[in-house]
Amino acid sequence: MKTQGRKILLTATFLLLSFFVIAQKKAAFISGKVVDENENPLTKVSVVILGQSQGITTSDSGYFKLKVEAEKAFALIFSYTGRKTEKINFLLNEGEEERVTVRLEKGEKTLQEVVVTDQRDRRETGLIRPNPKTIINLPAVVSGVESLIKIFVGSNNELTSQYSVRGGSYDENLIYVNDFEVFRPYLVKSGQQEGLSFINPEMIRNINFYNGGFQSKYGDKMSSVLDIQYKKPKRFGGSAYVGILEQGLQFEGTSRNSKFTYLLGVRNRTNRNLLSRQETRGNYVPSSADFQALLTYQLSSKWSAELLSNFSQTKFTLIPQESQLTTSVFSPIFSTTIGLDIFFEGREKDQYQTNMIGFSLINQVNKKLRIKWMASRFANKEKENVDITGAYLFGERDFDKSNPTYGLIVNPLGAGVYQNWARNELNIENLNISHKGNYDLGKHAFQWGAGYDKTKIADNLNEWEFQDSAGYALPFQPDMLRLNKVLKSTADLDINKFSGYLQDNILLGKDSSHSATLTAGVRLNYNSLNQEFIISPRIGASWKPNWKRDIVFRAAAGAYHQPAFYRELRRNNGTINTDLKSQKSWQGVLGFDYNFIGIGGRPMRWTTEMYYKSMKDVVPYDIDNVRIRYFGENTAKAYAAGIEMRLHGELVEDAESWISVGIMKTAEDIRGDHYFRYKNAAGEFISAQTADQLVTDSVRTEVGWLRRPTDRRITFGMYFSDYLSNNKNFKAYLNLLYGSNMPYNIPNAVRYRNAAVIDPYIRADIGFSALLMDDDKSKRRSHSPFRNFDSIWASLEVFNIIDRANTISYLFIKDFSNTVYLMPNRLTPRLLNFKIVARW
């Protein structure tokens, strides 16, 4: 079925080559007002695009408006007799309209260069607005906006679309698409099982990512917000891409009267070639496909309607055969290479199905008042079936190629059998009805919203684990067979949630170019499961001084409380804690945004933010690959503190690049976390009582503050693009990630929490692109199937070019003397990927 589906997708892609497409230049608009130093409008000011001989002049009111080419950097020159000339740089998306206020001061006619785009991403704390066009060029195993975000926040797993922000867990991130909140599957244990992200990168118009300090209008999570807006088409067009790992097709267009627009996308992904080189060899059959549609209709001049739908299905089947793991042991006594050989029987079969539909009705009452009504349904069905038995041999591995035993275990230290069995099923349905609006009074812009969510959760957890070491079942008990772990639980929850917010955006000053802003708001949330009512006040401010240097200072503070959802409710033993309270966080952020002219006269942006989070009623957790296992109790307090710096601009002319550096520390103190150390009659510490060593005394040791599972002290990310100096049709892209070590907790071992460490994550992916066909149609024959295409690119990508074996988790193995060894589970090795991208 998978092969047939791929053939259908490929056939549809090539049929597009014969379609007739009306070619148009993508347009955007720039408008605004030109004033003097006293805010009086200036008439007849010359406004010219740099490099062009003709332009326009401002009206009697000082206003101007220009239609410009979208997705291409340009500069406007403002000149007037007796006043200083200013040059302003822009880069606008298709259909975007930018409004600016330009002040021309008295003086000689000299050129003052400033960099002005939408000031929102400079004034709002934590806001990053990357270019959506970057995503398709970014060399990454998971092609999507999440891989771009990892450049800013760091990563330790290229197989997943999940990410940790400023020490938070994967479950602390909000995701919106056209104001609808979207969710992820919950039973996924590893990145191998993940399918496509909800967000289709070919449908994106704007990306707003907040890594902290976000406003009250966004929801109740502690770490970040990813706010995606899909395109509203202006003409017929589309794209298609075919790669080894993923294929996609996207259409967009409008009706003749432009009242109806459609945006359709279909994708298919398989990681089979990627997983075939994993340390666990076997038959991997992963597949994921989705279909999305965004339909809009302009009912009248003031009313419009929007429908967003998504259907996604992911299947993962694994029939493992064998696995060979190797690690090195260093000690003052000896050093050796330890190997683990596992031979499997059985299989794993998982399925995740997601359906979402959302309808919104927008009323633009007048220029000041806009109201939006929304209703949505999200359904998630997940099944997990596992029945795998592994027989293992553990010991020293021979790496001497001259020996006939090369690669084999020559000195066994342990042997055993284990079996994992699971039949888990989870169904989640979330119904939402909400309203939001904004009222613009110039100096004040009020925003408000209210929502009701009804969430139904039907959960059936049934899994066990059997371990046999050297012929003894663990834990050992004579005359009885005991399982190492048993989890059996059912839950049927019906949760009602009410939420709302109110905020005011205040402009302090005469104009937006040199002024201060203040945003103050509050969020309310009530959860019927634990009958908890929480209030979250938040405030943000920015100040742009009237300096020669273009710099904006900004700050934010407030409460970011997170009500518990499905995963936090479940304890380690599988039971549900319906009395679990929300995790509470007070946060503060302070930073600045500096625009300057860099090397070669190109605009650059340097952003720095410092932050601190104080958290209480924290639910501790452990991370194993991408599965988070919560304690299910509000037993901890925690903090996170750090600084982040980003540089964005054109290191090479007409080639966008990002560099991000983060330094962070996050720790937690679990209430009542302690262990005992035992003494014998001689007062010496012993590990346990034996026939020769009797326990005569014990000492209680409090654990105190420990590193959280997400504590990564240093992160570095870089996206760099370049091209041949004599031919821009040949481009190169580099995606580089570094993260220092992370703690790894041994499950159910208080004394050995933080005992293990995952080595630093280092990843370098590189891509090369060649333009096969540009948008010059004058040289194409009239009967050519490619005559109406805008561009066709071919790309070759090398993932993990340094072939580093990054570790994601550990497997715990005991030898005959009951000594525990940690065997690393590795991520993906070097891999090639090829894809072709066509646009029309």
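Thresholds applied
Residues numbered from 1 in each chain as written. Predicted model: local features only at pLDDT ≥ 70, side-chain atom pairs only at ≥ 80, totals over all residues. Heavy atoms only, no water. Helix = DSSP H or I, 4+ residues; strand = E, 2+ residues; numbered from the N terminus. Contact = heavy atoms within 4.5 Å. Pairing = 2+ DSSP bridges. Axes fitted to C-alpha atoms, helices over the stretch in contact; angles between N-to-C directions. Core = buried A, V, L, I, M, F, W, Y, C linked by side-chain atoms within 4.5 Å. Buried < 20%, exposed > 50% of the residue type's maximum accessible area, 1.4 Å probe, protein only. pLDDT = per-residue confidence, 0-100. Polar contact = N/O pair within 3.5 Å; in protein donor to acceptor, adjacent residues only side chain to side chain. Patch = residues over 30% accessible without salt bridge, like charges linked within 9 Å, V, L, I, M, F, W, Y side chains within 5 Å. Areas by Shrake-Rupley, 256 points an atom, 1.4 Å probe, with all protein chains shown as cover. Salt bridge = Lys/Arg side-chain N within 4 Å of Asp/Glu carboxyl O. Lys, Arg positive; Asp, Glu negative; His and termini not counted. Charge placed at Lys NZ, Arg CZ, Asp CG, Glu CD.

### Notes on the overall build of the protein
- Broken down by element type, the protein carries five helices and 46 strands.
- If you take every contact in the protein between residues at least 6 apart in sequence, the share linking residues at least 24 apart comes to 68%.

### Here's the deal with the sheet that holds strand S7 (residues 97–103)
- One open sheet accounts for three strands, arranged S4-S1-S7; its pairing is mixed. Looking at which strands have only one partner, the edges of the open sheet turn out to be strand S4 (63–69) and S7. Looking at each pair of strands side by side, their axes are set apart by 25 degrees on average, direction ignored.
- Across seven bridges, the pairing between strand S1 (residues 27–35) and S4 is antiparallel. In the sheet register, Ile30 faces S4, and the bridge partner there is Leu66.

### Things to note about the nonpolar core
- Of all hydrophobic cores here, the largest spans 58 residues; its most connected members are Val145, Ile199, Leu226, Ile228 and Tyr230.
- If one sorts the elements of this core by residue count, helix H3 (residues 145–153) sits on top with six residues.
- Beyond its immediate chain neighbours, meaning those up to four positions away, Ile199 contacts Val145, Glu146, Ile175, Val177, Ile204, Leu226, Ile228, Tyr230, Arg267 and Gln292.
- Core analysis: the second largest hydrophobic core is formed by 20 residues, Ala28, Val68, Ala70 and Ile88 among them.

### What to know about the confidence of the model for the protein
- Averaged over every residue, the pLDDT of the protein is 86; the share at 70 or more is 90%.
- Scored below 50 in pLDDT, residues 1–24 makes 35 contacts in the model with residues more than four places away or belonging to other chains.
- Considering only residues more than four positions removed or in separate chains, one finds that residues 109–118, a stretch of pLDDT under 50, has 36 contacts.

### Considerations on the environment of Ile506
- Topologically, Ile506 is positioned in strand S24 (residues 485–508).
- A C-alpha to C-alpha distance of 5.0 Å links Ile506 and Leu518, two positions 12 residues apart in sequence.
- If near-sequence neighbours (up to four positions away) are discounted, Ile506 is found in contact with Lys443, His444, Ala516, Thr517 and Leu518.

### Overview of the environment of Glu532
- Among the structural elements, Glu532 can be located in strand S26 (residues 532–543).
- It is 8.6 Å that separates the C-alpha atoms of Glu532 and Pro563, two residues lying 31 residues apart in sequence.
- In contact with Glu532, other than residues within four places in its own chain, are Asn525, Tyr526, Asn527, Lys581, Ser582 and Lys584.
- Polar side-chain contacts of Glu532 include one of 3.0 Å to the backbone nitrogen of Ser582.

### Some remarks on a positive patch on the surface
- On the surface, Lys315, Arg347, Lys349 and Arg423 cluster together to form a positively charged patch.
- Take Lys315: it is sitting in strand S18 (residues 303–330).
- The class of Lys315 is partly exposed, set by a relative accessible area of 39%.

### Topic: the side chain of Asn206
- In this fold, Asn206 is placed in strand S12 (residues 204–210).
- Setting aside chain neighbours within four positions, we find Asn206 in contact with Asn93, Arg129, Pro132, Asp227, Ile228 and Gln229.

### Section: the environment of Ile551
- Note that Ile551 resides in strand S27 (residues 550–559).
- Ile551 sits 43 residues away from Tyr594 along the chain, and the two C-alpha atoms are 4.4 Å apart.
- Beyond its immediate sequence surroundings of up to four residues, Ile551 is in contact with Arg122, Trp543, Lys544, Pro545, Phe592, Asp593 and Tyr594.

### Some details on the pairing of strand S13 (residues 224–230)
- Of all seven residues in S13, seven are buried, a share of seventy percent or more.
- Residues Ser224, Leu226, Ile228 and Tyr230 point to one face of S13 and Val225, Asp227 and Gln229 to the other, with burial holding for every one of them.
- Relative to S13, strand S10 (residues 173–177) runs parallel, the two sharing five bridges. Considered in S13, the bridge of Ile175 is made with Leu226.
- One ladder, built from six bridges, connects S12 with S13; its direction is antiparallel. Note on S13: the bridge partner recorded for Tyr210 is Val225.

### Let's talk about the sheet that holds strand S36 (residues 697–702)
- In space, the three strands of this open sheet follow the order S35-S34-S36, with antiparallel pairing throughout. The outermost strands of the open sheet, each flanked by one partner alone, are strand S35 (685–686) and S36.
- Examined bridge by bridge, strand S34 (residues 674–679) and S35 share two bridges and lie antiparallel to one another. Residue pairing in the sheet places Lys679 in a bridge with Phe685 of S35.

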